[in-house]
Structure formats: structure tokens, C-alpha cells
Amino acid sequence: MENGLLMKMIFLGAPGAGKGTQAEIVSEKYSLPAISTGAIIREAIKNQTEMGKAAKSYTESGALVPDEVVIGIIKERLAMDDCKNGFILDGFPRTVPQAEALDNMGVKIDLVINIDVPDEKIVERMSGRRVCSRCGASYHTKYNPSNKGDICEKCENELQIRKDDAPEVVLSRLKTYHEQTEPLIEFYSKLGVLETVIGQEEVADTTALTLGVIEAKRQGR
Ligand code: AMP
């Protein structure tokens, strides 16, 4: 753990590019909260809350949940005390109106890290992804296996395949990404806060590049 990083960051990238994994690592290293709208939505679906029921059909078919719903989630979360000094957004914003809403909330983003992975790799990666439905930890059978096999290292719960990681849903999520989320690369590039990291085979190699970008930003390079 390393203190002293007061940064508001966004992790951008296709589904399965490794945003969540990197966000967790950076969160732990710098003691910044990592906020995943996908995880919040999955938890709401599991608990069958009103929001969860409304989001279920979108998420399970690979579509985006309507902007007003996710904007509401983020507004509530960013108002919490732990976000005062900085945070990492993983999976939000995913559309230009969501990015505009963030701006309208007065949130000034310092750094957007775009993790770039080609579509063919994404499809391969999604097929090996395993998640813990209790604590949300994410693994990959080949690239980031749990040292306990099919069991979560952190909470010893059985690992599962996410419903929306089924191959046909993955293709639909990629299409959604290219149509609705990719324009954010230009949006944040114009604001001068975008840095691209090429996603590597090994998680640790992507982490090294990601930390390099963060440290360069911190030192004003
Ligand atoms: P993720 O875990 O980030 O891949 O998100 C899983 C699913 O949750 C997505 O496929 C969407 O259905 C939904 N979701 C997560 N974040 C957003 C967002 N910012 N806008 C709309 N839908 C979202």
C-alpha cells in the first residue's frame, strides 16, 4: 500500500480488456476506492432489488443499462466519504451522455487509462474468466488462475462463469462497446487526459505499464 495519490481516474476498455483486474490492483496499491458499476448492478440483480430487476434483462443480453440508472448509481456512490480524495471508475462512463453527466456533477477527471486489447483476444479471454459471486474477485483459468483451483482465494467461495460471458453475449457486448463506448476515447483525448496502455498477455506486465502511466501523471511528466 502506498499513500498520497489524490487522483480521479477512469479505466476504459472493451469488456474483458482487464479494467477490473487493473482497477483492483491500483486500488490496493494507492488506497483508492475502485468503483465498478457492473459489480454494483450484479449485486442488485442477485439481491433482486428494484434496480436489479430493471437492469437484469439489459445486462444478461449484453446491452447497456439505461444512462439515467447508472448515472444515479454513480452519483450516490461518489457522494460517499471514501471518494473525497480520489477514486477509480471501472466500467463508467460507457457512453458520451454518461461522461457528460459526470462532468455536470462537477467531477474533474485527472486521468483516463484506456486498456487496448484486440477483439480476437477479448473473445479468448472471456471464455476463461471466472468470478466469485460472493466477493466479486475475478480470475482467468489461463492468465490469472486462483491458486485454489475453482475456489476463490479471498473468500473460499466456488467460482462461476458470468452469464454475460457466454460467447454469443460476448459478441453483442463487443458490438455495444464499439458503438457506444469507443467514442469516449476521442472525448477524453480532446480533454487531454487520455493515456493508452496496450493490454499484455500477463496481468503483471499490463500492471507495470499502468503504474508507469499513473506515476508519470503524478510527477507531471
Ligand atoms: P462490466 O462488469 O463492467 O462488464 O458490466 C457488466 C454489465 O453491467 C454491462 O454489460 C452492462 O449491462 C452493465 N453496465 C455496467 N456499467 C454500465 C454503464 N456504465 N452503463 C450501462 N450499463 C452498464
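One can find the structure itself at the top, above this paragraph.
These remarks concern the structure in this document. (Residues numbered from 1 in each chain as written. Predicted model: local features only at pLDDT ≥ 70, side-chain atom pairs only at ≥ 80, totals over all residues. Heavy atoms only, no water.)

**Points about the site of the ligand**
Taken together, 16 residues form the shell around the ligand, and within it Thr37, Arg42, Ala63, Gly91 and Gln98 come nearest. Here an oxygen atom of the ligand sits 2.9 Å away from a polar atom, N or O, in the side chain of Arg42. Separating an oxygen atom of the ligand from a side-chain N or O atom of Arg162 is a distance of 3.2 Å. Looking at the shell around the ligand residue by residue, the classes come out as six nonpolar, five polar and five charged. (Near = heavy atom within 4 Å. Polar contact = N/O pair within 3.5 Å; in protein donor to acceptor, adjacent residues only side chain to side chain. Nonpolar A, V, L, I, M, F, W, Y, C, P; charged D, E, K, R; others polar.)

**Some details on the pairing of strand S1 (residues 8–13)**
On any regular strand, side chains alternate: one points to one face of the sheet, the next to the other face. The buried count for S1 comes to five of six residues, which makes it a mostly enclosed element. Across four bridges, the pairing between S1 and strand S3 (residues 87–90) is parallel. Within the sheet, the bridge partner assigned to Phe11 lies in S3 and is Asp90. (Buried < 20%, exposed > 50% of the residue type's maximum accessible area, 1.4 Å probe, protein only. Helix = DSSP H or I, 4+ residues; strand = E, 2+ residues; numbered from the N terminus. Pairing = 2+ DSSP bridges.)

**A look at the nonpolar core**
One finds Leu78, Phe87, Leu89, Leu102, Val112 and Tyr188 to be the most contacted residues of the largest nonpolar core, which totals 26 residues. Contributing elements (two or more residues each) for this core: S1, helix H2 (37–46), helix H4 (67–78), S3, helix H5 (96–104) and helix H8 (183–190). No other element matches the five residues that H4 contributes to this core. Once you skip the residues sitting within four places of it in the chain, Leu89 turns out to touch Met9, Ile10, Phe11, Ile35, Ile74, Leu78 and Leu102. Counting 24 residues, the second-largest nonpolar core is a separate cluster that includes Leu5, Ala17, Ala23 and Ile214. (Core = buried A, V, L, I, M, F, W, Y, C linked by side-chain atoms within 4.5 Å. Contact = heavy atoms within 4.5 Å.)

**Describing the packing of helix H7 (residues 167–181) against H8**
H8 packs onto H7 with a crossing angle of 35 degrees between their chain directions and a minimal axis gap of 5 Å. Together, Tyr177, His178, Glu179, Gln180 and Thr181 of H7 and Pro183, Leu184 and Ile185 of H8 make up the contact between the two elements. Within the contact of H7 with H8, the residues separate by chemical class into four nonpolar, three polar and one charged. (Axes fitted to C-alpha atoms, helices over the stretch in contact; angles between N-to-C directions.)

**What to know about the packing of helix H1 (residues 19–30) against helix H9 (residues 203–218)**
Close contact between H1 and H9 brings their axes to 10 Å; oriented N to C, the two are set at 55 degrees. Here H9 runs oblique to H1, going by the angle between their axes. Crossing geometry of H1 relative to H9 is assigned as right-handed. Where H1 abuts H9, its residues Thr21, Gln22, Ile25, Val26, Lys29 and Tyr30 lie against Val203, Thr206, Thr207, Thr210, Leu211, Ile214, Glu215 and Arg218. Among the residues forming the contact of H1 with H9, the class breakdown is six nonpolar, five polar and three charged. (Parallel < 35°, antiparallel > 145°, perpendicular 65-115°, else oblique. Left-handed = near helix turned anticlockwise from the far one by under 90°.)

**Points about unusual backbone geometry**
Between Phe92 and Pro93 the backbone carries a cis peptide bond, its omega angle lying at -5 degrees. Within the secondary structure layout, Pro93 lies in the loop between S3 and H5. One non-glycine residue, Ser31, adopts positive backbone phi at about 55 degrees. Position of Ser31 among the secondary structure elements: in the loop between H1 and strand S2 (34–36). The partly exposed category is assigned to Ser31, whose relative accessible area is 36%.

**Comments concerning the sheet that holds S1**
Sheet architecture is open: five strands sit in the order S2-S3-S1-S4-S8, paired in parallel fashion. Pairing within the sheet leaves two strands with one partner each, and these edge strands are S2 and strand S8 (194–198). Ignoring strand direction, the axes of neighbouring strands in this sheet form an average angle of 25 degrees.

**Quick word on the environment of Gly13**
As for its position among the elements, Gly13 is in strand S1. Classification of Gly13 as buried rests on a relative accessible area of 6%. In this structure the C-alpha to C-alpha distance between Gly13 and Glu182, which are 169 residues apart in sequence, comes to 7.9 Å.

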